[in-house]
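Listed below, chain by chain, are the residues.
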Amino acid sequence: MTHPHETVRVALGDRSYRIEIGHGLLINASDWVSPLLSRPRVAVVTDDTVGPLHLDALRDGLAAGGIEMAHLTLPSGEATKCWRYLTETVEWLLEQKVERGDMVVAFGGGVIGDLVGFAAAILRRGVRFVQIPTSLLAQVDSSVGGKTAINSPHGKNLIGAFHQPSLVLADVAVLGTLTERDFLAGYGEVVKYGLLGDAAFFDWLEINAPDLAAGDITKRIEAVRWSCQMKADIVERDETEQGDRALLNLGHTFGHALEAATGYSDRLLHGEGVAIGCALAFEVSSRLGLCSQEDPSRVRAHLKAMGMKTDLHDIAGDLPDADALMALMGQDKKVTQGTLNYIMTRGIGEAYVTSNVDPKVVKSVLVDALA
Ligand SMILES: NC(=O)c1ccc[n+]([C@@H]2O[C@H](COP(=O)([O-])OP(=O)(O)OC[C@H]3O[C@@H](n4cnc5c(N)ncnc54)[C@H](O)[C@@H]3O)[C@@H](O)[C@H]2O)c1
Ligand SMILES: [Zn+2]
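Keep in mind that this is a model prediction, so the values were computed, not measured.

Chemist: How should the overall build of the protein be read in this particular structure?
Modeler: Check the secondary structure of the protein and you find 13 helices and 13 strands. Over its C-alpha trace the protein gives a radius of gyration of 20 Å, about what one expects of a compact globule, namely 21 Å for 371 residues. The C-alpha extent of the protein, read off along each of the three principal axes, is 60 × 45 × 40 Å. Relative to its 371 residues, the protein shows a buried fraction of 57%.

Chemist: Quick question: what am I supposed to make of the domain arrangement of the protein here?
Modeler: Entries for the protein in the domain assignment read domain 1 (6–177) and domain 2 (181–370). Inter-centroid distance (C-alpha atoms) of domain 1 to domain 2 is 26 Å. Listed per partner, the contact involves 28 residues of domain 1 and 28 residues of domain 2. The junction of domain 1 with domain 2 conceals about 2500 Å² of combined surface from both sides, 67% of it contributed by carbon and sulfur atoms. Sorting the residues of domain 1 by area buried against domain 2 places Leu136, Val140 and Lys156 first, and these three jointly supply 23% of that buried surface. One can count five salt bridges joining domain 1 with domain 2.

Chemist: Quick question: what am I supposed to make of the site of ligand 1 here?
Modeler: Near ligand 1 there are 25 residues, and of these Glu78, Gly110, Thr134, Ser135 and Thr177 occur at the shortest range. Between valine 111 and ligand 1, the recorded distance is 3.0 Å, taken from a backbone N or O atom to an oxygen atom. In this structure, a nitrogen atom belonging to ligand 1 sits 2.9 Å away from a main-chain N or O atom of lysine 147. Contact with the protein chains covers 88% of the free accessible surface of ligand 1, which is 850 Å². Elements supplying a minimum of two residues to the shell around ligand 1: helix H2 (50–63), helix H4 (110–122), helix H5 (136–142) and strand S8 (155–162). Each residue belonging to the shell around ligand 1 can be placed in one class, and the counts come to six nonpolar, ten polar and nine charged.

Chemist: What's the story with the nonpolar core in this structure? I'm lost.
Modeler: A general tendency of soluble globular proteins is for nonpolar side chains to be buried together. In this structure, Ile19, Tyr187, Leu195, Leu196, Val362 and Leu366 are the most contacted members of the largest nonpolar core, which totals 77 residues. A total of ten residues in this core trace back to one element, the largest contributor, which is helix H8 (residues 217–237). Two domains each provide a minimum of three residues to this core, namely domain 1 (6–177) and domain 2 (181–370). Setting aside chain neighbours within four positions, we find leucine 196 in contact with Met230, Ile234, Leu247, Leu248, Leu250, Gly349, Glu350 and Ala351. In this structure, Tyr85, Leu86, Val127 and Ile159 belong to the second largest nonpolar core, which totals 25 residues.

Chemist: Sorry if this is basic, but what is going on with the sheet that holds strand S9 (residues 167–171) here?
Modeler: Pairing is mixed in the open sheet, where seven strands are placed in the order S1-S2-S9-S6-S5-S3-S4. Among the strands making up the open sheet, the edge pair consists of strand S1 (6–10) and strand S4 (68–74). When the angles between neighbouring strand axes are averaged without regard to direction, this sheet yields 20°. Strand direction decides the pairing type here: strand S5 (residues 103–108) and strand S6 (residues 128–133), joined by six bridges, are parallel.

Chemist: Honestly, the pairing of strand S2 (residues 17–22) in this entry has me stumped. Any pointers?
Modeler: Across a regular strand the side chains alternate sides, sitting on one face of the sheet and then on the other. Taking burial as the measure, the six residues of S2 include five buried ones, the bulk of the element. With five bridges joining them, S1 and S2 adopt antiparallel strand pairing. Bridge pairing links valine 10 to tyrosine 17 in S2. Two successive antiparallel strands, S1 and S2, enclose a turn made up of six residues, where glycine 13 displays a positive phi of approximately 60°. Bridging between S2 and S9 involves five bridges; their strand directions are parallel.

Analysis parameters
Residues numbered from 1 in each chain as written. Chains lettered and ligands numbered in written order. Predicted model: local features only at pLDDT ≥ 70, side-chain atom pairs only at ≥ 80, totals over all residues. Heavy atoms only, no water. Helix = DSSP H or I, 4+ residues; strand = E, 2+ residues; numbered from the N terminus. Rg over C-alpha atoms; globule rule 2.2 N^0.38 Å. Buried < 20%, exposed > 50% of the residue type's maximum accessible area, 1.4 Å probe, protein only. Domains from an automatic or database assignment. Contact = heavy atoms within 4.5 Å. Buried area = accessible area lost by both parts, 1.4 Å probe. Salt bridge = Lys/Arg side-chain N within 4 Å of Asp/Glu carboxyl O. Near = heavy atom within 4 Å. Polar contact = N/O pair within 3.5 Å; in protein donor to acceptor, adjacent residues only side chain to side chain. Areas by Shrake-Rupley, 256 points an atom, 1.4 Å probe, with all protein chains shown as cover. Nonpolar A, V, L, I, M, F, W, Y, C, P; charged D, E, K, R; others polar. Core = buried A, V, L, I, M, F, W, Y, C linked by side-chain atoms within 4.5 Å. Pairing = 2+ DSSP bridges. Axes fitted to C-alpha atoms, helices over the stretch in contact; angles between N-to-C directions.

So this is what it looks like as structure tokens:
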């Protein structure tokens, strides 16, 4: 059976690139990568979960076009986004004699994409890189838009750079080996796009998401295409987040507070926090009279139908009280000059950025959600 192939263009002048989305792209990787190379050699960085599963397919796909591949395998997991592995990656790339004209490949989820993208940004003051995202989250979100970073003990993603990839290859075939939990966490970011800017996408997801979660390839390609197109549109308008790009943080101020409250542990994955955060953002918007009361119910009903974490009670273990969660929200990056910017909504697909939100209302929503 042949599947559709989709291309999304990210138009950023001389930093423009294509996102190729399809099924079985690894096998044909050289078709996409070759035109970008000055010599037939790439340096690939992956993690120890993705490598054993998919690196052979990538190696074969590159070799078919005469491209040689060296690789570095890092431990999987968020803790890898740190100085130690950044250093290890950069030094390995130098050992591999990667030069300004060469191409570095990030082959993994958002952790590998963020770390390797940052390594490419600082190596020799910037070498080009290709994102080959392997998690749903990375295919719809982290591989697109050029934000790269590692974490600090002071917080997530605090050390990084804007560095756009030269190409993104999203092969939905590799999503087949994700755990259901990782797949659904990535789906949290997919829902976010519908909720923040496109009611028609949310309508489509309400009908089609059960199929795509069950493995429907055509629908997976469509969901990745739609998400990437929305992200590309926003990034084209606001590459470095002076304004509109903040819309992509719908659900994230709550989500980041919950991630911090659970110690960035297995208790709550990033995409799970985003999904719960979206439900909370709609609840606050409804209480402020910005959107109808039916909207938060519809959001929660969809998340529940997908078997996702939806409410604070779905997080295992104890959570801090509303005041403590509010304090954690205040530590989020989206604070400018002491004011917390919220992403609120006038309805499904109609999010906007505002600092004008009564903290008492936010607190009352949290108190009720914790009760
Ligand atoms: N740069 C951005 O714009 C941006 C946007 C959103 C998120 N992020 C970052 O992305 C990270 C989260 O990304 P993630 O959820 O992909 O995390 P991840 O990279 O840790 O991947 C999640 C898990 O899935 C595994 N995995 C990946 N692909 C697989 C596959 N095909 N088969 C089996 N297992 C596979 C990984 O080894 C890991 O254990 C966070 O660090 C977050 O800050 C960045
Ligand atoms: Zn996110």
